[in-house]
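So the chains spell out like this:
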Number of protein chains: 2
Amino acid sequence: MSAAPASLCQLPPYHQHPRCCLFTKLSVLTMPEYKLIYFNSRGRAELARWICAYGNIPYTDERIPKADWPSRKPGISGGKLPVLMVDGKQLPESLAIARYLAKQAKLVPDDDFDAAVCDALVDTLSEMMVQVYKTMFAAAGDEEEKKKTYKEELYPNVIAPVLVRLNERLSKREWFIVDKVTWADLAIGLMFGGLKMKQPEILKGFPAVEAHVNKILQIPKIKQWNDSQGPEETF
Amino acid sequence: MSAAPASLCQLPPYHQHPRCCLFTKLSVLTMPEYKLIYFNSRGRAELARWICAYGNIPYTDERIPKADWPSRKPGISGGKLPVLMVDGKQLPESLAIARYLAKQAKLVPDDDFDAAVCDALVDTLSEMMVQVYKTMFAAAGDEEEKKKTYKEELYPNVIAPVLVRLNERLSKREWFIVDKVTWADLAIGLMFGGLKMKQPEILKGFPAVEAHVNKILQIPKIKQWNDSQGPEETF
């Protein structure tokens, strides 16, 4: 997707300016029709939603109520969500979806090595989140036991090593890689921002990461998206 | 990496032809210096090694003996292998490494959606292998119990659903996507070829997948690589 030139975009009100309207309409006409199918929760779909919000990518945000999932599941290739429908074709796997949309939103660096470093960070954060979900946010299990596991295993062995490296890197740079925001920066804001809501002390001792998360959360399109969201369905 | 034009490559013997030599030398000169660091096993590094073999990408294949890992670990950012050194810079995460090398070997489709479908398949296969390794190839655990888990859970719930979809797709196409081999095809050959060595019956009932795996294993550069490999260190 091509962004409208800044000189046009800055003319308020954006959506009422005739040239902007034409430009936006033309961009949208050449774009595939997207539908993101997931549950009514952030989970594995939220990075894709943030990327669409940041990149002005129009899409249908279909949220399947938990009760409807058994009847919908057979129609989903692979039987797992999220799935992105691209002109009616199914694309599964949350990170493949996010990377694809990030390319359309110009959130992937042009250089192959820089793009690979983004991929590696997103994979690392995703693996960390899998471990966090498995132990902390599982429906079953004793709450005291979970707190102990978090303190003695999850935080020191899984979360802190990522924070140490990230803090060192971000204390020397404005963005994770290259000189502008990429989908890796959005992933940092989303994942550590989400963890901070559950564990308010988690970024203590990592000021560069904390500042980065706050910076991402204050990006106007991200803030506007987050502010617009209602309560999630819990599982 | 640019491949030498077919008309030159077909002049035997390839490496003695002066124009081919010059071309190859120039390609190598503009390429970063690669070192792939892993253990002496296929594991999470083998897809990258196959991609390098297929794409004639020169690299140092460093294999750390298990006994040396504790002393080497602190020097590896993130403390996990594999890592690809690219002109001295570390790139972690096996799939980020494989995707990066696949781009250099022209094994990633040009179209964004096709590339994303490859990413999604590789992620699906990788998640399947994580589950397989966790239950089947773990050092601890009763062998009879493992067989039961494989038969009653792993095969019907994790492996077979992937095989069903893949068999349907491959029965209608020569390659997984587009009209030539991609890194997704190599991943199919590597992962199901590896599983078949452990479970010879695994592809029974999925003739299109079996034929595809055999086709990949017979690609001359892949066959040559596999034939050149000695025994792995077991963990």
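Residues numbered from 1 in each chain as written. Chains lettered and ligands numbered in written order. Predicted model: local features only at pLDDT ≥ 70, side-chain atom pairs only at ≥ 80, totals over all residues.

Side note on the relation of the copies chain A and chain B
(1) Moving on: By a simple turn and slide, chain A fits onto chain B: the slide is 0.0 Å along the axis, the RMSD is 0.0 Å, and the turn is 180°. Expressed as a symmetry operation, the mapping of one chain copy onto the other fits a two-fold axis.
(2) Moving on: When you check the interface residues of chain A against chain B, 100% turn up at the interface there too, and the contact is symmetric in its surfaces. (Least-squares fit on C-alpha atoms with pLDDT ≥ 70 in both. Contact = placed C-beta atoms within 7 Å.)

Quick notes on the pairing of strand β2 (residues 60–64) of chain B
Residues and elements named next belong to chain B.
(1) Moving on: Pairing analysis gives 5 bridges linking strand β1 (residues 34–39) to β2, with the strands arranged parallel. Bridge pairing links L36 to D61 in β2.
(2) Moving on: In this view, the connection linking β1 to its parallel neighbour β2 by way of helix α3 (residues 46–54) has right-handed handedness. (Pairing = 2+ DSSP bridges. Helix = DSSP H or I, 4+ residues; strand = E, 2+ residues; numbered from the N terminus. Right-handed = clockwise from strand over helix to strand, strands pointing away.)

Some words on the interface of chain A and chain B
(1) Moving on: Chain A puts 22 residues into the contact, and the matching count from chain B is 22 residues.
(2) Moving on: Taken together, the elements giving at least two residues each to the side of chain A that touches chain B come down to β4 (89–92), α5 (94–104), α6 (112–136) and α7 (143–170) of chain A.
(3) Moving on: Of the residues forming the side of chain A that touches chain B, the biggest block, 8 residues, is contributed by α6(A).
(4) Moving on: Within the side of chain A that touches chain B, the residues separate by chemical class into 11 nonpolar, 4 polar and 7 charged. (Nonpolar A, V, L, I, M, F, W, Y, C, P; charged D, E, K, R; others polar.)

Concerning the confidence of the model for chain A
Detailed reading of the predicted coordinates is not advisable wherever pLDDT is low.
(1) Moving on: With 86% of its residues at a pLDDT of at least 70, chain A reaches an overall mean of 88.
(2) Moving on: Predicted confidence is poor over residues 1–21 of chain A, with pLDDT under 50, and the contacts of this stretch with residues over four places away or in other chains come to 21 contacts. (pLDDT = per-residue confidence, 0-100.)

Let's talk about the nonpolar core
(1) Moving on: In this structure, A:I51, A:W183, A:A187, B:I51 and B:A187 are the most contacted members of the largest nonpolar core, which totals 121 residues.
(2) Moving on: Excluding residues within four positions of it along the chain, A:W183 makes contact with A:I51, A:A98, A:A102, A:L107, A:V108, A:C118 and A:V122. (Core = buried A, V, L, I, M, F, W, Y, C linked by C-beta atoms within 7 Å. Buried ≥ 20, exposed ≤ 12 C-beta atoms within 10 Å, placed from the backbone.)

Digging into the domain arrangement of chain A
As a measure of interface size, the accessible area lost when the parts come together is often cited.
Residues and elements named next belong to chain A.
(1) Moving on: What the domain assignment reports for chain A is domain 1 (34–48 + 58–99) and domain 2 (112–221).
(2) Moving on: Using C-alpha coordinates to define each centre, domain 1 is positioned 24 Å away from domain 2.
(3) Moving on: Across the boundary between the two partners, domain 1 contributes 5 residues, which contact 7 residues of domain 2.
(4) Moving on: Split into classes, the residues belonging to the side of domain 1 that touches domain 2 amount to 3 nonpolar, no polar and 2 charged. (Domains from an automatic or database assignment.)

Here's the deal with the UniProt feature "domain: GST N-terminal" (unreviewed entry) in chain A
(1) Moving on: Feature annotation in UniProt places "domain: GST N-terminal" (unreviewed entry) on residues 32–109 of chain A, given in this structure's numbering.
(2) Moving on: The span residues 32–109 of chain A shows a helical share of 31% and a strand share of 24%, and its end C-alpha atoms are spaced 22 Å apart. (UniProt positions renumbered as here; feature names shortened; annotations may be inferred.)

Things to note about the sheet that holds β1(B)
Residues and elements named next belong to chain B.
(1) Moving on: As summarised here, the arrangement of the 4 strands in space is β2-β1-β3-β4, forming an open sheet in which the pairing is mixed. Of all the strands in the sheet, the pair left with one neighbour each is β2 and β4 (89–92). Neighbour-to-neighbour, the strand axes of this sheet turn through a mean angle of 25°, independent of strand direction.
(2) Moving on: Bridge analysis of strand β3 (residues 83–86) against β4 gives 4 bridges, and the strand direction is antiparallel. The partner of V86 across the bridge, within β4, is K89. (Axes fitted to C-alpha atoms, helices over the stretch in contact; angles between N-to-C directions.)

Details of the environment of B:I76
Residue and element names in this part refer to chain B.
(1) Moving on: If you trace the backbone, I76 turns up in the loop between α4 (69–72) and β3.
(2) Moving on: The sequence separation of I76 and I37 amounts to 39 residues, and the corresponding C-alpha distance is 9.5 Å.
(3) Moving on: When sequence neighbours within four positions are dropped, the list of residues in contact with I76 reads L81 and V83.

Side note on the packing of helix α3 (residues 46–54) of chain A against helix α8 (residues 183–198) of chain A
All names here are of chain A.
(1) Moving on: Where α3 contacts α8, the two axes come as close as 10 Å, and the packing angle between them is 125°. Taken together, the axes of α3 and α8 lie oblique to each other. The interaxial crossing formed by α3 with α8 has right-handed handedness. In contact with E46, L47, W50, I51 and Y54 of α3, α8 contributes W183, L186, A187 and L190. (Parallel < 35°, antiparallel > 145°, perpendicular 65-115°, else oblique. Left-handed = near helix turned anticlockwise from the far one by under 90°.)

Remarks on the packing of helix α6 (residues 112–136) of chain B against helix α7 (residues 143–170) of chain B
Residue and element names in this part refer to chain B.
(1) Moving on: Two numbers describe how α6 lies on α7: the axes approach to 10 Å, and their chain directions differ by 180°. Taken together, the axes of α6 and α7 are roughly antiparallel relative to one another. Residue-level contacts link T124, M128, Q131, V132, T135 and M136 of α6 to K146, T149, Y150, L154, V158, I159 and V162 of α7.
(2) Moving on: Class assignment for the residues of the contact of α6 with α7 results in 8 nonpolar, 4 polar and 1 charged.

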